[in-house]
Amino acid sequence: MARKNQVTDSPSNVPLPWEGAAFVGLLGVLMLWQGGYYAAASCVVGLLAAGCAAFSAIVSARARGRRDGSIAISLLIAGVGACSLASSAVHGLTLTGVAESAPWFAVAALAFLHAVLPDAARARTMRAVVWLGVAIAVLGLALMSMPGGVEGAVNAGRLQFPFQYANTSGTFFAACALLALGSESARLRRAASFPLAALLFTQSAGACGLFACALVALCACRWREGAFVHVAEAAALTACAAGAFVLCLVVGTGWALAAAAGAFAAGSLAVRRLARAKNARRTALFACALLVACTLACVEALAQTGRAAQAGRTFVERLVQMGDAAAVVAANPALGIGPDVWRFLYPYVQSAQYTATSVHCGYLQIALDAGLAGAALFVAAIVMGVKRAASCGNAPVVCAILLIAVHGAFDIDFQFAALLAFLAMLLTLHAAPEPRRRSRSLDRAWGLPLALLFLVASFAASGFGLWAASAKDASASAAAKADAAAIRQVLEQNPLAKRDDSVRSDYAEALRRAGAWSELAKAFSEDSIASAEQALYAAEALYAFGDDARAEDILLAELEREPGNVDLFESARLLLASHDAGEEARERYRQAAARANAMASTGLAALIGNQEQLPETLA
């Protein structure tokens, strides 16, 4: 792959256009706002991005020839949101359906804001985002170095910042490190030490493994080009970060930032000496050998902590999740089952004991939310972006895109709007090939109306999503305060809330907290229960009224429907035992528990290693 157009090949002293600065700022806000995991954050950023992009489109129409980007990838991303919204409408439009579909339009608006920049401006924007990644890595390492860590940023010795989920944070840092190492800027290459260290401190086996593969591919491209010094620099910088990580595991993670700073200093010194090496090829081979040794030391250190074994068990569990999700998609191929419906459906279809409100396979999750049509649009956007980057010879960007795309196949990365926006930036870095560019440019007469129509739709979808997400947040807040009247009013006045299982669960929780047993028993009968929580609350209400037979029927029916729900079995067992269930109920419980134990000890479930054997008696 020839090096024709690198990420940072534009002059570094040229300031960013205001659109590029807006993109970097909005992405930074989304990144620090829990990675855009919650719909409200994504929708706020989406509103701002759509407004900025609309203004940019109008300005570009007045300055012909100023814009040469393509909005095709933005349209494909928005298409995923449209499919998700259509799926929700077909299955009964809900607040959750609207709120979970809107982030796709927000990401599309952000992608548009980046895509319509001139080629050189997109390259400078990319470089600014990579520097943003370096700054976030430094901040994350600083949070990890604080005594006891910072809640949300660190968990069980693993860096989770900024996504509050270690594996997705690892994917982001891995991509930033690749882009930094592949940069033409010597300063940015040296700064790769910080995202490299942050990646290692996430202890994400998948992200680290994929980074290693991507780094090998990148170095192979550089080796074929004869850029031996760049290969040696990448290997030396990575080896220094790996060595610092191993040392930090010995002395304590409280030294994370100091270790990263030491790796940066050592890497910078190594880079300066490599530049003066007489035999660059031999030096590159030595640096690669050093990297292999440090990598083996990292693997051994992680094996000693038990992290490697844990990663193996969770991988098997994810395969089980994928199998269960694939069966649901096969039964609902066109538009899936609706956005976030898996959260309530999976206990009824799981073939092992696990808790997964999102499938650990981003493509299957999209297929569940938006059908195979939505998943196909998303894959098409990735393929288009990879082809454009490859045609321009941009190996670092190709490697970064593929790293994110592959890791997303085994994790929940695509649930974070910030990572989707980061991926969209990579996909839109290179414009369409010259023969196609004229038909897709905003400089065409039809370009401005199409762009404005797209942005108005994105703005409206983000606003609608923000309204729906705010209504859901208000419902959850009311449930915590036992304010059943407020949720009841929403259910009566808002048809989107009436069909929403999450709002109905909030209502059940509020009634339970308020002790409104009569209303709870009336609102949730056997035919209207859609979750384990609702079944438990309804059973408690019926027990309070002395209707033990109906309470037992609800509990046992739910146990028979959810054989993999360990928490439900434990709660139901205590509830049945405390109310002295009859012999018939005890026998039904025994049969349900025996069935659950049989499921947990067969097939892939037996390989997971965390399956529990449930008590088969109430006593």
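Q: Is there a simple way to think about the layout of surface pockets in this case?
A: Using a probe with the size of a water molecule, rolled over the atoms, empty space left in the structure can be pinpointed. Put simply, the second largest pocket is a space of about 590 Å³. Lining of the second largest pocket is provided by 30 residues; of these, Leu200, Cys208, Phe211, Ala212 and Thr295 occupy positions nearest its centre. Per element, the largest residue contribution to the lining of the second largest pocket is 10 residues, and it comes from helix α9 (residues 205-225). Its residues assigned to classes, the lining of the second largest pocket shows 24 nonpolar, five polar and one charged.

Q: How should empty space enclosed by the protein be read in this particular structure?
A: One pass over the structure, following the stated rule, counts one cavity of 30 Å³ or more. Volume-wise, the largest cavity comes out at about 40 Å³. As for the largest cavity, its lining consists of Leu181, Gly182, Leu218, Arg222, His230, Val231 and Ala234. Those elements that place two or more of their residues in the lining of the largest cavity are α9 and α10 (228-251). Top element by residues in the lining of the largest cavity is α10. It accounts for three residues. By residue class, the composition of the lining of the largest cavity is four nonpolar, two polar and one charged.

Q: Got a minute to help me understand the state of the cysteines in this structure?
A: Linking two cysteines covalently through their sulfur atoms gives a disulfide. By the definition in use, this model includes zero disulfides. As a non-bridged cysteine, Cys43 has Cys52 as the owner of its nearest cysteine sulfur, 16 Å distant. Cys399 forms no disulfide, and the closest cysteine sulfur to it belongs to Cys221, at a distance of 6.0 Å. Using a relative accessible area of 10% as the deciding quantity, one classes Cys399 as buried.

Q: Looking at this structure, how should I read the environment of Cys298?
A: With respect to the helices and strands, Cys298 occurs in helix α12 (residues 280-305). Taking relative accessible area as the criterion, Cys298 reaches 7% and is therefore assigned buried. Distance from Cys298 to Phe245, taken between C-alpha atoms, is 7.6 Å for residues 53 residues apart in sequence.

Q: How do you make sense of the nonpolar core when you look at a structure like this?
A: Where a protein is soluble and globular, its nonpolar side chains tend to be buried together. In this structure, Phe211, Phe422 and Leu426 are the most contacted members of the largest nonpolar core, which totals 152 residues. Filtering out sequence-adjacent residues up to four positions away, Phe422 remains in contact with Leu27, Val129, Phe172, Ala175, Cys176, Leu179 and Ile404. Judged by nonpolar contacts, the second largest core, of 52 residues, contains Ala471, Val503, Ala538 and Val566.

Q: So what exactly am I meant to see when it comes to the environment of Val229 here?
A: Counting through the fold element by element, Val229 comes out in helix α10. Relative accessible area serves as the criterion here: at 30%, Val229 is assigned to the partly exposed category. The sequence separation of Val229 and Ala289 amounts to 60 residues, and the corresponding C-alpha distance is 15 Å.

Q: Is there a simple way to explain the environment of Gly28 in this structure?
A: Along the polypeptide, Gly28 turns up in helix α1 (residues 18-32). On the basis of relative accessible area, Gly28 is assigned to the buried category, the value being 9%. Separated by 274 residues in the primary sequence, Gly28 and Leu302 have C-alpha atoms spaced 31 Å apart.

Q: Before we go on, may I ask you to explain unusual backbone geometry in this structure?
A: Among all residues except glycine, the phi angle is most often negative; among peptide bonds, the trans geometry is most common. Residues Phe161 and Pro162 are joined by a peptide bond in cis, for which omega reads 5°. Here Pro162 is to be found in the loop between β2 (158-159) and α6 (166-181). Look at Gln164: it is not a glycine, yet its phi comes out positive at around 60°. Note on placement: Gln164 falls in the loop between β2 and α6. Exposure remark for Gln164: the relative accessible area of 41% places this residue in the partly exposed category. A positive phi angle is found at Ala482, which is not glycine, with a value near 60°.

Q: Help me understand the pattern of salt bridges in this model?
A: Where side chains of opposite charge bring their charged atoms close, a pairing between them can arise. In this structure the tally under the stated criterion is 14 salt bridges. Here Arg343 and Asp340 are joined by a salt bridge, their closest N and O atoms 3.0 Å apart. The class for Arg343 is partly exposed, based on a relative accessible area of 31%. Salt-bridge contacts for Glu509 lead to Arg513; the nearest nitrogen and oxygen are separated by 3.0 Å. With Glu509 and Arg513 both in helix α22 (residues 501-514) and four residues apart, the pair spans about one turn of that helix. Three or more residues are tied together by salt bridges with common partners; here these are Asp553, Glu560 and Arg588.

Q: Would you mind showing me how to read the packing of aromatic side chains here?
A: Working definition: an aromatic ring pair is given by the centre-to-centre distance plus the angle between the planes. Counting across every chain of the model gives 21 aromatic pairs. Arranged with centres 5.2 Å apart and planes meeting at 85°, the rings of Phe201 and Phe245 form a pair that is edge-to-face. Taken together, the residues Phe201 in helix α8 (residues 193-202) and Phe245 in helix α10 connect sequence positions 44 residues apart. Take Phe201 and Phe245: they sit in the same class, and that class is buried. Three or more aromatic residues link up through ring pairs in this structure, and these residues are Tyr37, Tyr38, Phe163, Tyr165, Phe172, Phe173, Phe416 and Phe422.

About the cut-offs
- Residues numbered from 1 in each chain as written.
- Predicted model: local features only at pLDDT ≥ 70, side-chain atom pairs only at ≥ 80, totals over all residues.
- Heavy atoms only, no water.
- 1 Å grid on protein atoms, 1.4 Å probe; cavity = no way out; pocket = protein on both sides within 12 Å on 5 of 7 lines; lining within 4 Å.
- Points joined across faces, edges and corners; volume = space filled by probe spheres on them.
- Helix = DSSP H or I, 4+ residues; strand = E, 2+ residues; numbered from the N terminus.
- Nonpolar A, V, L, I, M, F, W, Y, C, P; charged D, E, K, R; others polar.
- Disulfide = S-S within 2.5 Å.
- Buried < 20%, exposed > 50% of the residue type's maximum accessible area, 1.4 Å probe, protein only.
- Core = buried A, V, L, I, M, F, W, Y, C linked by side-chain atoms within 4.5 Å.
- Contact = heavy atoms within 4.5 Å.
- Salt bridge = Lys/Arg side-chain N within 4 Å of Asp/Glu carboxyl O.
- Phe/Tyr/Trp six-rings, centres within 6.5 Å; stacked < 30°, edge-to-face > 60°.

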